[in-house]
Structure formats: C-alpha cells, structure tokens
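Survey of secondary and tertiary structure
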Amino acid sequence: MSDNLLIAKINHGFDHLDADGDGLLTERDHVLMGHSVARSLGHQEGSEAEAAIVRAYLTIWHDLHLTGRSTGTEAITREQFVASTGALADDPVAAQETIGALAEAFLAVADADRSGTVDAGEFFVFQRGHFAGLCRDDADEAFRHLDRDGDGTLSAAEFIGAIVEYWTSRDPEAPGNWWTGKPPHAF
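Residues numbered from 1 in each chain as written. Predicted model: local features only at pLDDT ≥ 70, side-chain atom pairs only at ≥ 80, totals over all residues. Heavy atoms only, no water.

Moving on, we get to the packing of aromatic side chains. The final tally for this structure, using the stated rule, is 9 aromatic pairs. On the numbers, 5.5 Å between centres and 50 degrees between planes, the contact of Phe 14 with Phe 81 is tilted. Of this pair, Phe 14 sits in helix α1 (residues 4-17) while Phe 81 is found in helix α4 (residues 78-87), placing the two residues 67 residues apart along the sequence. Residue Phe 14 shares its accessibility class with Phe 81, and that shared class is buried. Each ring, one from Tyr 57 and one from Phe 106, has its centre 5.6 Å from the other, and the planes form 35 degrees; the classification is tilted. Of this pair, Tyr 57 sits in helix α3 (residues 48-65) while Phe 106 sits in helix α5 (residues 92-110), and the two are 49 residues apart along the sequence. (Phe/Tyr/Trp six-rings, centres within 6.5 Å; stacked < 30°, edge-to-face > 60°. Helix = DSSP H or I, 4+ residues; strand = E, 2+ residues; numbered from the N terminus. Buried < 20%, exposed > 50% of the residue type's maximum accessible area, 1.4 Å probe, protein only.)

Put into structure tokens, the structure is as follows:
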C-alpha cells in the first residue's frame, strides 16, 4: 500500500501537536496542549487537575518524543517527526511501546469519570482539546468507527488500538484512521 495516507495522517497530527504553530514540536507545545485539554475538560486555570494534565503531556514530551534524540534536543522538525513516526509503521513492537505508552497517558486524561472506558462525550471533549475545529457530529461519527464492538464506549483496548492504528496503519479502511475525525483521505 502507498505511504500517502500514512504520511497525510502524520502531517495532520503534527499540525495539531504543534500547538504554537511555529513548525517545531517542543516542550512548550506540550504545555499548551495540556492547557487546552484541561480547558476542554472543564478544569480551571491553575487547578491541580490542570497541572496533572500538563504533567502528563510533559511526560509524553520527555519519555516519547525525546527518546533516542541527542542530549539537549529542544525541538523536533516536521521532517524529523514524519520520519521517526512513519518508521513505526514497520516496527509493531516499537509502535506499541511508544505510541501505546502515549495512548495510555491519553486514556488516563480522557477517561474523566475513571470508569475504565471512554464514552462519546468524553471522547469529544478530549479530542476538542487537541483539534479545536472538531465539531460534535464529526467526533460522534469518528467515535462510531472506533467503537469496534458497538457497545457505546471505547474500551482501553479500543482507545489505545485506535491511536496506534492512526499513527501506523497504511490501510485506508482501518478504523483508527478516524482518530482525529474524518480521515485525511475523506477530506
């Protein structure tokens, strides 16, 4: 299969991870994403809940994005991000270890009621913190694709699997392509 879809998804993801829009992925972007998700989840500025979410995003920066990079790295370019993330499509073990860890951190934030699952409302609120232009109808449609067993919730396996699949699958029919809303090939 072509890498075009995979590269389009990675670029789309980078566009939203680069929270300040400077073309680089940095620690500051992770702080900004943490603040945005905290606001979307209804947490007050300066609250402990907000601080916990920001810490989760900083852990992602340090433990995922900086792993394997030179000491002193302060920014990752789009090209570096696309290359390193794209390489995970051919290494399922590394993808599960890295993106799976990211997904677990996201699950801890998205599962606001601590039920062990994410319902459509939690999914929308969490995703809106990353993808400001995501409307409820598009989030609900994406949720239906990701809810593989159709029980109205995303289990931990469905939630984590969707994220891993988004960042690694070349299959245009993969449900995980819907992670950010309509897949890039659907635009």
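Once you've had a look at it, read on.
Taken as a whole, helix α7 (residues 136-146) has its buried residues at Ala 139, Ala 142, Phe 143 and Leu 146. The buried side chains of α7 occupy one side of the element, clustering within an arc of 105 degrees when seen end-on. Turned more than 90 degrees away from the buried face of α7, the exposed residues are Asp 137 and Arg 144. Where the residues of α7 are buried, they touch β3 (118-119), α6 (120-130), β4 (153-154) and α8 (156-168). (Arc of directions from axis to C-beta. Contact = heavy atoms within 4.5 Å.)

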